[in-house]
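Coordinate analysis (summary)
Given next are the chains, with one letter for each unit.
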Amino acid sequence: MGQHHDHGAGHEGGHGSLKSYVIGFIMSIVLTIIPLVVVMNDLMSKTGTIVLILILAVLQFAVQLWFFMHLKEGENAKWNIAALLFAILILVVVVAGSIWIMAYNTVAH
């Protein structure tokens, strides 16, 4: 009855610092503005623009996970990262396999 549980003990970084939120926010804004400027001013070819948008989208995903979802923090940080990498691997296999099947489906006739 006299036990006191300190729920905050050992959970430093349960929330990010103001500095990490500001850095994440600025990076998100920059990663959004770059493709916008490229598209609005026709600075690259269509293929180059698509590649740029895809690369910056992946970077935006990483920034969101790192700075806002606190992927690197907590007791299970290594397991969270391992699960994320495994999910990404499965996603890449499914998408690449689907594209491969669709591209070479007509060849198989």
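Above this text you will find the structure in question.
Here the structure is a predicted model, which is why all the values come from computation and not from measurement.

Below, the discussion takes up the overall build of the protein. A tally of regular secondary structure across the protein gives 3 helices and 0 strands. Order of helices (α) and strands (β) in the protein, N terminus to C terminus: α-α-α. Sorting the 109 residues of the protein into buried and exposed places 17% on the buried side. With an accessible surface of roughly 9100 Å², the protein has 73% of that area assigned to carbon and sulfur atoms.

Our focus in this paragraph is the environment of L56. For L56, the position within the fold is in helix α2 (residues 46–68). A relative accessible area of 9% places L56 in the buried class. Separated by 25 residues in sequence, L56 and L31 have C-alpha atoms that sit 6.0 Å apart. Apart from residues lying up to four places away in sequence, L56 is in contact with L31, I34 and P35.

With respect to the secondary-structure elements, S28 resides in helix α1 (residues 18–40). Of note is the side chain of S28, whose polar atom sits 3.1 Å from the side chain of Q64. When near neighbours in sequence (up to four residues on either side) are disregarded, S28 contacts Q60, V63, Q64 and F68.

Okay, the nonpolar core next. Counting residues in hydrophobic clusters, the biggest one holds 6 residues: L31, V38, L52, L56, V63 and F67. Among the secondary structure elements, those contributing two or more residues to this core are α1 and α2. For this core, the element with the highest residue contribution is α2, accounting for 4 residues. When near neighbours in sequence (up to four residues on either side) are disregarded, V63 contacts G24, M27, S28, L31 and F68.

The grouping of L18, V22, F25, I26, I29, V30, I33, I34, V37, L43 and M44 at the surface amounts to a nonpolar patch, some 970 Å² of accessible area in total. Assignment of secondary structure puts I26 in helix α1. Residue class for I26 comes out partly exposed when judged on its relative accessible area of 46%.

A full pass over the atoms with the stated rule returns 2 aromatic pairs. With a centroid separation of 6.0 Å and an interplanar angle of 10°, the aromatic rings of Y21 and F68 are classed as stacked. On the criterion of sequence distance, the pair formed by Y21 in helix α1 and F68 in helix α2 is long-range, its members being 47 residues apart. When its relative accessible area of 29% is taken as the criterion, Y21 is described as partly exposed. Given a relative accessible area of 25%, F68 falls into the partly exposed group. An angle of 65° between the planes, with centres 6.4 Å apart, marks the rings of W100 and Y104 as edge-to-face. Linking W100 with Y104, this pair stays in helix α3 (residues 77–104), spanning 4 residues, or about one helical turn.

Calculation notes
- Chains are numbered independently. Their residues run from 1 in the order of the written sequence.
- Two thresholds apply to this predicted model, a pLDDT of at least 70 for residue-level local features and 80 or more for giving and counting side-chain atom pairs, whereas whole-chain, interface and lining totals are computed over all residues.
- Hydrogens and water molecules were not included; the side-chain quantities draw on all heavy atoms of the structure.
- Counting from the N terminus, the helices are the DSSP runs of H or I reaching at least four residues and the strands are the DSSP runs of E reaching at least two.
- Each residue gets one of three labels from its accessible area relative to the maximum for its type: buried under 20%, exposed over 50%, partly exposed in between, using a 1.4 Å probe on protein chains only.
- Using a 1.4 Å probe, accessible areas were evaluated by the Shrake-Rupley method; residue-level cover was limited to the displayed protein chains.
- When checking whether two residues touch, look at their non-hydrogen atoms; a contact exists if any pair is within 4.5 Å.
- Pairs of N or O atoms are called polar contacts if they sit within 3.5 Å, as long as, within protein, a hydrogen donor faces a hydrogen acceptor (for residues adjacent in sequence, only side-chain-to-side-chain pairs).
- We define a nonpolar core as any set of buried Ala, Val, Leu, Ile, Met, Phe, Trp, Tyr and Cys residues linked to one another through side-chain atoms lying within 4.5 Å.
- Put simply, a patch holds well-exposed residues, over 30% relative accessible area, that have no salt bridge, with like charges counted together within 9 Å and Val, Leu, Ile, Met, Phe, Trp or Tyr side chains within 5 Å.
- Salt bridge, as used here: a side-chain nitrogen of Lys or Arg that lies within 4 Å of a carboxyl oxygen of Asp or Glu.
- For Phe, Tyr and Trp, rings pair up if their centres lie within 6.5 Å, where Trp contributes its six-membered ring, and each pair is then called stacked (planes under 30 degrees apart), edge-to-face (over 60) or tilted (otherwise).

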